[in-house]
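# Summary of the model geometry
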Amino acid sequence: MIPGCPIFVYQMGRVASTAIVRSLEARGVPAHHGHFLHPQWHQSKRVDRFNDVEEAVETAHKSWLRYYLSDQGAAELFRFISPFREPVGWLVSEHYQSKQRPVGSHEIDGQLDVNQFRRELDIMCRRAMLYKDVSTDVLLEKSMQGNHDEMIDAVLPRIPVEWFDRELNPYAGIDVYAEPFGQGREYQMYRNALVIKQETLGQSAIQAIGRFAQISDFELIRTNEGSTGQFGGSYQAAVKACKFPTEFLDMQYGSNYVRHFYSDPEIETFYRKWEA
């Protein structure tokens, strides 16, 4: 890793990435910020939360990064920060955020029907299990041919468990599964990437970000946290209401992703939290 290389906070979303980017920028260190470079994902997205101009700018930025990292082989010239989190908690947070409708340039409608929220997640789980043997590429292709919502519902639970294989490995050239993560770790360095467990994003990991970005006395400016932010009460109510069938939890927590990054006691805790 070359000192002074640009930083790309490249992650699956809902992992405190905005806080990391804003904290870096507050110390004068700009950073690219994105979730997906895989072109099929951008092709399949439906513009329902942002206007066309904003979507076009985002797509153009990701196309440039994909070209530079993959086609030009420039991944070694970047430093990647990639937080991650357990997949069921990620799914609840992702769906909650998708329900927060923009009503102005900086305003969000925080009203949430918790029962409807749970019903929507139940439908998503059933669709995920129904299509569990169909590849993500096929589902994304089908989403562009019709049945968009059904296909995307089936794909969403896969995003965390497949993210490192579909994103960081092909575009940054980093295989996080090549070596053990290590029980009790908050983070791990992989060449020019810093991979952080969001559930234990404590002082040790924050200091690691500072060292990685070459910032002394780095502090994390917390922002956009569902549990403590503007809609913390609404988010906590949504989390409390959500329970999932064992078959779905087995599919998520039996994945290579979860088994690699989380210990058996951690996984047992997740089951107790989410099992119906």
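The structure we're discussing is the one just above.
As a starting point, this report considers the structure included with it. Keep in mind that this is a model prediction, so the values were computed, not measured.

This part covers the overall build of the protein chain. Looking only at helices and strands, the protein chain has 13 helices and seven strands in total. A burial count over the protein chain gives 49% of its 276 residues as buried. Pairs at least 24 residues apart make up 69% of the contacts formed inside the protein chain by residues separated by at least 6 positions. A total of about 13400 Å² of accessible surface is found on the protein chain, and carbon and sulfur atoms cover 48% of it.

Moving on, we come to the side chain of E120. Along the polypeptide, E120 turns up in helix α5 (residues 114-130). Residues in contact with E120, not counting those within four places in the same chain, are H95 and K99.

Soluble globular proteins: nonpolar side chains tend toward being buried together. Grouped together as the largest cluster of nonpolar side chains are 63 residues, with contacts concentrated most on F80, F164, F244, Y257 and F261. It is helix α8 (residues 158-172) that provides the largest number of residues to this core, a total of seven residues. Look past the residues within four positions of Y257 in its chain and what remains in contact with it is M12, F84, R85, E86, P87, P160, V161, F164, Y177 and Y262. Core analysis: the second largest hydrophobic core is formed by 22 residues, L194, I196, F212 and I215 among them.

An order of β2-β1-β3-β7-β6 is seen for the five strands of this open sheet, with the pairing classed as mixed. Every other strand in the sheet has two partners, leaving β2 (31-34) and β6 (187-190) as the edge strands with one partner each. Ignoring strand direction, the axes of neighbouring strands in this sheet form an average angle of 20°. Of the pairings in the sheet, the one linking strand β1 (residues 7-10) to β2 comprises four bridges and is parallel in character. Counterpart to Y10 in the pairing with β2 is G34.

Once that is clear, we can look at the packing of helix α6 (residues 136-143) against α8. Relative orientation of the contacting elements α6 and α8 amounts to 110°, with a least axis distance of 12 Å. Taken together, α6 and α8 sit at an angle that is classed as roughly perpendicular. Within the contact between the two elements, α6 uses T136, D137, L139 and L140 and α8 uses R158, E162 and R166. The class makeup of the residues in the contact of α6 with α8 is two nonpolar, one polar and four charged.

Burial within strand β7 (residues 193-197) is extensive, with five of its five residues counted as buried. The alternating pattern of β7 places A193, V195 and K197 and L194 and I196 on opposite faces, both of which are buried. The pairing of strand β3 (residues 79-84) with β7 spans five bridges and is parallel. The residue of β7 that forms the bridge with S82 is V195. In sequence, β6 turns back onto β7 through a hairpin of two residues, with R191 there showing a positive phi of about 50°.

Empty space within the second largest pocket amounts to approximately 190 Å³. What lines the second largest pocket is A128, K132, A154, P157, R158, V161, E162, M251, Q252 and S255. Counting residues per element, the ones that place at least two in the lining of the second largest pocket are α8 and α11 (246-253). The biggest single contributor to the lining of the second largest pocket is α8, with three residues. Considered class by class, the residues forming the lining of the second largest pocket number five nonpolar, two polar and three charged.

Calculation criteria
- Residues numbered from 1 in each chain as written.
- Predicted model: local features only at pLDDT ≥ 70, side-chain atom pairs only at ≥ 80, totals over all residues.
- Heavy atoms only, no water.
- Helix = DSSP H or I, 4+ residues; strand = E, 2+ residues; numbered from the N terminus.
- Buried < 20%, exposed > 50% of the residue type's maximum accessible area, 1.4 Å probe, protein only.
- Contact = heavy atoms within 4.5 Å.
- Areas by Shrake-Rupley, 256 points an atom, 1.4 Å probe, with all protein chains shown as cover.
- Core = buried A, V, L, I, M, F, W, Y, C linked by side-chain atoms within 4.5 Å.
- Pairing = 2+ DSSP bridges.
- Axes fitted to C-alpha atoms, helices over the stretch in contact; angles between N-to-C directions.
- Parallel < 35°, antiparallel > 145°, perpendicular 65-115°, else oblique.
- Nonpolar A, V, L, I, M, F, W, Y, C, P; charged D, E, K, R; others polar.
- 1 Å grid on protein atoms, 1.4 Å probe; cavity = no way out; pocket = protein on both sides within 12 Å on 5 of 7 lines; lining within 4 Å.
- Points joined across faces, edges and corners; volume = space filled by probe spheres on them.

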